[in-house]
Amino acid sequence: MRVMYVAPRFHTNQCAVVKGWIERGDKVSFISHYKAIIEDYSYIEPIVLGYSPIYRLIDFLYVNVVHRKNPEAIVYKIQHGFPPILKLRKMIKSFRPDAVIVREKSMYSMVTYWLCKRQGFPCILYNQNPLWSEPDKTDLLHRLVNKLSPEMRMTPVLGVQKPGTTVKENDFFVPFVAESQAAPEERTYFADARINILCIGKYEIRKHHLMLLEVVEELQKQYPINLTLIGEATTRFQKEYHEKVETYVKEHHMEQFVTVKTNVPRKDMDGEYRNADIYVIPSTRETASVSQLEAMSFSLPVICSDTNGTASYVEDSVTGYRFKDCDKEDLKKKLELLVSDREQIRRMGAAGYRAVEEKYHFQRYYDGVTEILKHIN
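Keep in mind it's a predicted model, so treat the numbers as computed, not measured.

## Focus on the layout of surface pockets
- Considered as a void within the structure, the second largest pocket measures approximately 1100 Å³ in volume.
- Along the walls of the second largest pocket sit 41 residues, with N129, P130, S133, R153 and K168 positioned nearest its centre.
- Of all elements in the fold, only α3 (76-80), α5 (107-119) and α6 (140-147) reach the threshold of two or more residues within the lining of the second largest pocket.
- At four residues, α6 tops the list of elements feeding residues into the lining of the second largest pocket.

## Remarks on the sheet that holds strand β1 (residues 2-7)
- With parallel pairing, the seven strands of this open sheet are ordered in space as β3-β2-β1-β4-β5-β6-β7. Of all the strands in the sheet, just β3 (47-48) and β7 (171-173) have a single pairing partner and so form its edges.
- Bridge count for β1 against strand β2 (residues 27-32) is six bridges, and the pairing is parallel. Its bridge partner lying in β2, R2 is registered against K27.
- Its contacts with the sheet put α5 on β1, β2, β4 (99-103) and β5 (123-126), and the angle it makes with β4 is roughly 160 degrees.

## A few points about helix α8 (residues 236-251)
- When the terminal C-alpha atoms of α8 are compared, their 23 Å separation across 16 residues agrees well with the 22 Å that a helix rising 1.5 Å per residue should span.
- Looking only at α8, the buried set comprises Q238, Y241, H242, V245, Y248 and V249. All buried residues of α8 project into a common sector of 115 degrees when viewed along the axis, lining one side. Residues of α8 that are exposed and point more than 90 degrees away from the buried face comprise E243, K244, K250 and E251.
- Buried residues along α8 sit in contact with α7 (209-219), β9 (225-231) and β10 (258-262).
- Downstream of α8 by one or two residues, H253 has phi in the positive range, about 55 degrees.

## Considering helix α13 (residues 362-376)
- With 15 residues, α13 should reach 21 Å at 1.5 Å per residue; the first-to-last C-alpha distance of 21 Å fits that figure.
- Each element contacted by the buried residues of α13 is listed here: β1, α1 (15-24), β4, β5, β6 (153-155) and β7.

## A closer look at a positive patch on the surface
- Positive charge collects at one region of the surface, where R89, K93, R96 and R118 lie side by side.
- With respect to the helices, strands and loops of the structure, R118 is situated in helix α5.

## Description of a nonpolar patch on the surface
- A cluster of nonpolar side chains, namely L57, F60, L61, V65 and V66, defines an oily patch on the protein surface of about 480 Å² accessible area.
- Locating V66 in the fold gives a position in helix α2 (residues 53-66).

## Digging into the packing of aromatic side chains
- In the structure shown here, the tally under the stated rule is 17 aromatic pairs.
- Site record: aromatic cluster; members linked through ring pairs are Y5, F10, F30 and Y41.
- In this arrangement the basic side chain of K35 is found over the ring face of Y41, its NZ or CZ atom lying 4.7 Å from the centre.
- Positioned above the aromatic ring of F190 is the side chain of R342, whose terminal nitrogen or guanidinium carbon lies 4.9 Å from the ring centre.

## What to know about the nonpolar core
- Counting residues in each nonpolar core, the largest one holds 56 residues, and the members touching the most others are Y5, W21, I101, M154, L293 and Y365.
- Considering each element in turn, this core owes the most residues, six residues, to α13.
- In this structure Y5 touches Q14, V17, W21, V28, S29, F30, I31, I101 and Y365, once residues within four positions along its chain are discounted.
- Formed by 36 residues, the second largest nonpolar core is a distinct cluster that contains I197, L219, A233 and V245.

## What about the environment of T307?
- Turning to its location among the elements, T307 is positioned in the loop between β12 (302-305) and β13 (320-323).
- The partly exposed category is assigned to T307, whose relative accessible area is 42%.
- Note: C-alpha distance between T307 and E286 (21 residues apart in sequence) is 7.2 Å.
- Excluding residues within four positions of it along the chain, T307 makes contact with E286 and D325.
- Within polar-contact distance, the side chain of T307 engages the side chain of S305 at 3.0 Å.
- For T307, the side chain forms a polar contact with the side chain of D325, separated by 3.2 Å.

Reading the values: the criteria
Residues numbered from 1 in each chain as written. Predicted model: local features only at pLDDT ≥ 70, side-chain atom pairs only at ≥ 80, totals over all residues. Heavy atoms only, no water. 1 Å grid on protein atoms, 1.4 Å probe; cavity = no way out; pocket = protein on both sides within 12 Å on 5 of 7 lines; lining within 4 Å. Points joined across faces, edges and corners; volume = space filled by probe spheres on them. Helix = DSSP H or I, 4+ residues; strand = E, 2+ residues; numbered from the N terminus. Pairing = 2+ DSSP bridges. Contact = heavy atoms within 4.5 Å. Axes fitted to C-alpha atoms, helices over the stretch in contact; angles between N-to-C directions. Expected span 1.5 Å × (residues − 1). Buried < 20%, exposed > 50% of the residue type's maximum accessible area, 1.4 Å probe, protein only. Arc of directions from axis to C-beta. Patch = residues over 30% accessible without salt bridge, like charges linked within 9 Å, V, L, I, M, F, W, Y side chains within 5 Å. Areas by Shrake-Rupley, 256 points an atom, 1.4 Å probe, with all protein chains shown as cover. Salt bridge = Lys/Arg side-chain N within 4 Å of Asp/Glu carboxyl O. Lys, Arg positive; Asp, Glu negative; His and termini not counted. Charge placed at Lys NZ, Arg CZ, Asp CG, Glu CD. Phe/Tyr/Trp six-rings, centres within 6.5 Å; stacked < 30°, edge-to-face > 60°. Lys NZ or Arg CZ within 6 Å of the ring centre and 35° of its normal. Core = buried A, V, L, I, M, F, W, Y, C linked by side-chain atoms within 4.5 Å. Polar contact = N/O pair within 3.5 Å; in protein donor to acceptor, adjacent residues only side chain to side chain.

Put into structure tokens, the structure is as follows:
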């Protein structure tokens, strides 16, 4: 097959997918709006097509003049930016894909879909909206956006089956993918006789680093624990929040059991997972995260919020725990259940590793994509 992705950026969570295609002998092309700083490009180098010159001017004014004090302004282009159409058309025509997978219902994706329809190439929408979802809004704008977007959609987020939610006819669950890394018997736990907690996430307020620090500060009085925080701090707002995190650690004299790291290269992350015993994702408004699968692939139990889009990947009380979103006391309760029972850490870590091997391998992803293509063809 010849598979083309069109997305704002190449994300490290797609490494296992790209590797899976390549190992099958398939061809992969990845066209992105921009290139991130700390992603893993071991398997593919994205083609950074960027935006139309007209839109670049619009974006400059929007970010630097109209909304210069808004940290969210920088992501406006993800939904509203449009590509240099002739260049994109040439790339699609030259590659002649068997499948084009576009990210989100954005202007960029709509243009890509239009070009694919004109040239006869099947196009799939990928986003992280839940599979079990409420009916689409029917106002004119939403109907227009749906009309201009691919009919077939894939998502790694199951969502919750409850009154008012359904699975739409053209929606499919295609899970995140992770490679098995360290079986329980291949790794050691509790280095220096301590329980090592790992948390990975950009230095943003919603990631709740400070809440986790408060919890660890309290638990450390009773249990021998270390915490390692790893995250990206490249924008001005991320750097400011990172400084707040470091200040908290210093003012509360936590340097002996808390390590704060920034912009760790992907090639060094395996070592961080291997050195950990527990993985925690304390963030709120987490549409979907793949890091819990990465942690499970290293035989780590996982704690995440119950509103995390991919919370279903963590089987509660089996491969980890889910805590009430934004609830510090519940996070503390769930983390204490683990740090107070080392045998449970090993047992849950082993269960997580088995789950990765059984449910979250590339073949599941491949089967999902090819099933969708059957419906298009």
